[in-house]
Amino acid sequence: MEIRDNDKFYIIAPLNPKLDKREAVRISAEMLNENRLIGLDLRYVYDCTVDFLEELRKLCKIKDIGIFNINSDIFTLFNYMNADKFARLFVSELDFEEDSRQLINRKFTIV
């Protein structure tokens, strides 16, 4: 797990290509003691389990978390699980730091 921090942000980048419940517990233990804005960099991740998403959902009720550099397969899963309703999703780290251009899943239908 790679950790980058400065005065304003605390960014965690898991180095494991697959995130499961064990990785989610490690990440949440790292995030719980932090008071700065927390970012989760998923640039090295190519797969995640439903257990990871459930742990992330629980953690987002306590902390405000931004997730960025999301793989397209994981982003599809995030959209299906409505992850944009409990976490802030961004395309890049710069968008997270500026708190702009947030990804939101709008479920439009034609009437």
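Here, every reference points to the structure presented above.
Residues numbered from 1 in each chain as written. Predicted model: local features only at pLDDT ≥ 70, side-chain atom pairs only at ≥ 80, totals over all residues. Heavy atoms only, no water.

**Concerning the packing of aromatic side chains**
Okay, step 1: Per the stated rule, a full pass over the model turns up three aromatic pairs.
Okay, step 2: Residues F68 and F96 carry aromatic rings whose centres are separated by 5.3 Å and whose planes lie at 25° to one another, so their mutual orientation is stacked. One end of the pair, F68, is in strand β6 (residues 65-68); the other, F96, is in helix α4 (residues 93-98), with 28 residues separating them in the sequence. Neither residue differs from the other here; F68 and F96 are each classed as buried.
Okay, step 3: On the numbers, 5.9 Å between centres and 70° between planes, the contact of F90 with F96 is edge-to-face. The pair formed by F90 and F96 is uniform in burial state, with each residue classed as buried. (Phe/Tyr/Trp six-rings, centres within 6.5 Å; stacked < 30°, edge-to-face > 60°. Helix = DSSP H or I, 4+ residues; strand = E, 2+ residues; numbered from the N terminus. Buried < 20%, exposed > 50% of the residue type's maximum accessible area, 1.4 Å probe, protein only.)

**Focus on the nonpolar core**
Okay, step 1: In this structure, L40, L56, I65, I67 and F78 are the most contacted members of the largest nonpolar core, which totals 25 residues.
Okay, step 2: Secondary-structure elements contributing two or more residues to this core are β2 (9-13), α1 (21-32), β4 (37-41), α2 (50-62), β6 and α3 (72-80).
Okay, step 3: For this core, the element with the most residues is α2, which contributes five residues.
Okay, step 4: The residues touching L40, leaving out its near neighbours within four places in the chain, are I12, P14, I27, M31, F52, L56, I65, G66, I67 and F68. (Core = buried A, V, L, I, M, F, W, Y, C linked by side-chain atoms within 4.5 Å. Contact = heavy atoms within 4.5 Å.)

**Considering the pattern of salt bridges**
Okay, step 1: Enumeration over the complete set of coordinates arrives at 17 salt bridges.
Okay, step 2: For E2, the salt bridge is made with R4, and the minimal N-O distance between the two is 3.1 Å.
Okay, step 3: Relative accessible area serves as the criterion here: at 28%, E2 is assigned to the partly exposed category.
Okay, step 4: We note a salt bridge from E55 to K58, for which the minimum N-O separation is 3.8 Å. In this pair, E55 and K58 are both assigned in helix α2, three residues apart and thus about one turn of the helix distant.
Okay, step 5: Each of E2, R4, D41, R43 and E93 takes part in a single network of salt bridges with overlapping partners. (Salt bridge = Lys/Arg side-chain N within 4 Å of Asp/Glu carboxyl O.)

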